[in-house]
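Next come the chains, spelled out residue by residue.
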Amino acid sequence: MGVRATTRLRQLLASQRLAIAPGAYDCLIAKVIEGVGFPLVYMTGGGSALARLGKADVGFMSMTDMVRNAAAIAEAVTIPVIADADTGYGNAINVRRTVREFERAGVAAIHLEDQEWPKRCGHFEGKRLISREEMVQKVRAAVDARLDDDFVIIARTDAIAVEGFEVALERAAAYAEAGADMLFVEAPRTLEQIRVVAEQLPVPLLFNMGDSGKTPNVSAAELERWGYRVMIIPGTHRIVIPAVRRYLEHLRETGDIGQNPCERMPWDEWQAFVGLPEIEALERRYAG
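Keep in mind it's a predicted model, so treat the numbers as computed, not measured. (Residues numbered from 1 in each chain as written. Predicted model: local features only at pLDDT ≥ 70, side-chain atom pairs only at ≥ 80, totals over all residues. Heavy atoms only, no water.)

1. Considering the pairing of strand β3 (residues 81-84)
Of the two faces of β3, the one carrying V81 and A83 and the one carrying I82 and D84 are both buried. Note that β3 and strand β4 (residues 109-113) share three bridges and pair parallel. By the bridge assignment for β4, A83 is matched with I110. Of the crossover connections in this fold, the one passing from β3 over helix α5 (residues 92-105) to the parallel β4 is right-handed. (Buried < 20%, exposed > 50% of the residue type's maximum accessible area, 1.4 Å probe, protein only. Helix = DSSP H or I, 4+ residues; strand = E, 2+ residues; numbered from the N terminus. Pairing = 2+ DSSP bridges. Right-handed = clockwise from strand over helix to strand, strands pointing away.)

2. Points about the packing of helix α2 (residues 27-36) against helix α4 (residues 63-76)
Contact geometry of α2 with α4 gives a least axis separation of 9 Å together with a crossing angle of 35°. The interaxial crossing formed by α2 with α4 has right-handed handedness. Packed against α2, whose contacting residues are C27, A30, K31 and E34, the element α4 presents A72, I73 and A76 at the interface. The class makeup of the residues in the contact of α2 with α4 is five nonpolar, no polar and two charged. (Axes fitted to C-alpha atoms, helices over the stretch in contact; angles between N-to-C directions. Left-handed = near helix turned anticlockwise from the far one by under 90°. Contact = heavy atoms within 4.5 Å. Nonpolar A, V, L, I, M, F, W, Y, C, P; charged D, E, K, R; others polar.)

3. Here we look at the packing of aromatic side chains
By the definition in use, this model includes three aromatic pairs. Aromatic pair Y89 and W117: ring centres 5.6 Å apart, planes at 65°, arrangement edge-to-face. Of this pair, Y89 sits in the loop between β3 and α5 while W117 sits in the loop between β4 and α6 (132-145), and the two are 28 residues apart along the sequence. Exposure remark for Y89: the relative accessible area of 16% places this residue in the buried category. When the ring centre of F273 is taken as reference, the NZ or CZ atom of K31 above it lies at 5.5 Å. For the cation-ring pair, K55 lies above F60, with the distance from its terminal atom to the ring centre recorded as 5.4 Å. (Phe/Tyr/Trp six-rings, centres within 6.5 Å; stacked < 30°, edge-to-face > 60°. Lys NZ or Arg CZ within 6 Å of the ring centre and 35° of its normal.)

4. Some points on the side chain of T215
Along the chain, the position of T215 falls in the loop between β7 (205-208) and α10 (220-226). In this structure the side chain of T215 is engaged in a polar contact, spanning 3.0 Å, whose partner is the backbone oxygen of P188. What T215 contacts, discounting residues up to four positions off in sequence, is H123, A187, P188, I194, F207, N208, M209 and G210. (Polar contact = N/O pair within 3.5 Å; in protein donor to acceptor, adjacent residues only side chain to side chain.)

5. Re the nonpolar core
Judged by nonpolar contacts, the single largest core of 67 residues is most densely connected at F102, V107, I110, L183, L223 and Y228. Looking at which element gives the most residues to this core, the answer is helix α8 (residues 165-177), with seven residues. Not counting residues up to four positions away in its chain, the partners in contact with L223 are L18, I194, F207, V218, Y228 and M231. (Core = buried A, V, L, I, M, F, W, Y, C linked by side-chain atoms within 4.5 Å.)

6. Some points on the environment of V274
Inspection of the secondary structure puts V274 in the loop between α12 (267-273) and α13 (276-285). Residue V274 is classed as partly exposed on the basis of its relative accessible area, which comes to 39%.

7. Notes on the packing of helix α3 (residues 45-53) against α4
Between α3 and α4, whose axes approach to 11 Å, the crossing angle comes to 95°. Considering the angle they form, α3 stands roughly perpendicular to α4. Each of G45, S48 and R52 in α3 lies in contact with α4, whose residues at this interface are D65, M66, R68 and N69. Among the residues making up the contact of α3 with α4, the classes are represented as one nonpolar, three polar and three charged. (Parallel < 35°, antiparallel > 145°, perpendicular 65-115°, else oblique.)

8. What about the pattern of salt bridges?
Tallied over the full model, the rule gives 22 salt bridges. The shortest N-O distance in the salt bridge between R156 and E113 comes to 3.4 Å. Residue R156 is found in strand β5 (residues 152-157), and its partner E113 is found in strand β4; the two are separated by 43 residues along the sequence. As far as burial versus exposure is concerned, R156 and E113 are alike and both buried. For the salt bridge of E192 with R195, the shortest nitrogen-to-oxygen distance reads 2.2 Å. A residue pair is termed a helical-turn pair when its members lie 3 or 4 positions apart in one helix, as E192 and R195 do in helix α9 (residues 191-200) at three residues. Within this structure, D57, D86, E113, K119, K127, R156, D158 and E186 form a network of salt bridges that share partners. (Salt bridge = Lys/Arg side-chain N within 4 Å of Asp/Glu carboxyl O.)

Take a look at the structure:
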């Protein structure tokens, strides 16, 4: 048996290098991410809500919805998966079950946030927070509940948009003291805030390279120099939507797939991508 995904993620976090985790909302995108050579996949909650329900990330996805999607993605790839677990779907007791369900799903890490339910995407307006004390207990419950000590608990705070930057730092530090393995300070507004987060917080850090305009663009090299360990890039769906729309608009106008301006994967490459040669080899092996 190979090294567990949780252990491989721990090894990445200990390497002092930044690992980039593009966002996947389904198995197809996750396999592309792995095929390109990234070391991690991030199961995006916003992308999952859009792909599975066609809705915005405002709490429509239940724990069951998210765990099923995470399990499918984790099964489709061999690299570790970090999953969005929203608020943990209840109080500290509910968080215990959430951790066990995501562990069984095969992911290497989850992040839990300190918003009230129903939550909102971290770059949306109108977020509301639970108390720092309640979130501390949820982090403690998450750490206590895991069966695999290498399973990574990431505590996220959305406090910058609600209570300000200094409070966000205080909350994050409290979550680290409660046992969080990694911290995720959502939506810093300036490069200085991004740097100060890295200077002041005591555990490995995750950075969300969202492109809403609230967080400034910063290079992977700079994040690594400041000490961040993971950068998630959730917005792959925002790349896919225009490409599919362009293909379909051309098809609607011309009815011709041969002259479509969008790149198409060659048939043989497609068969290899979906694992058809391996399936056919097994069919021959188990033929009568």
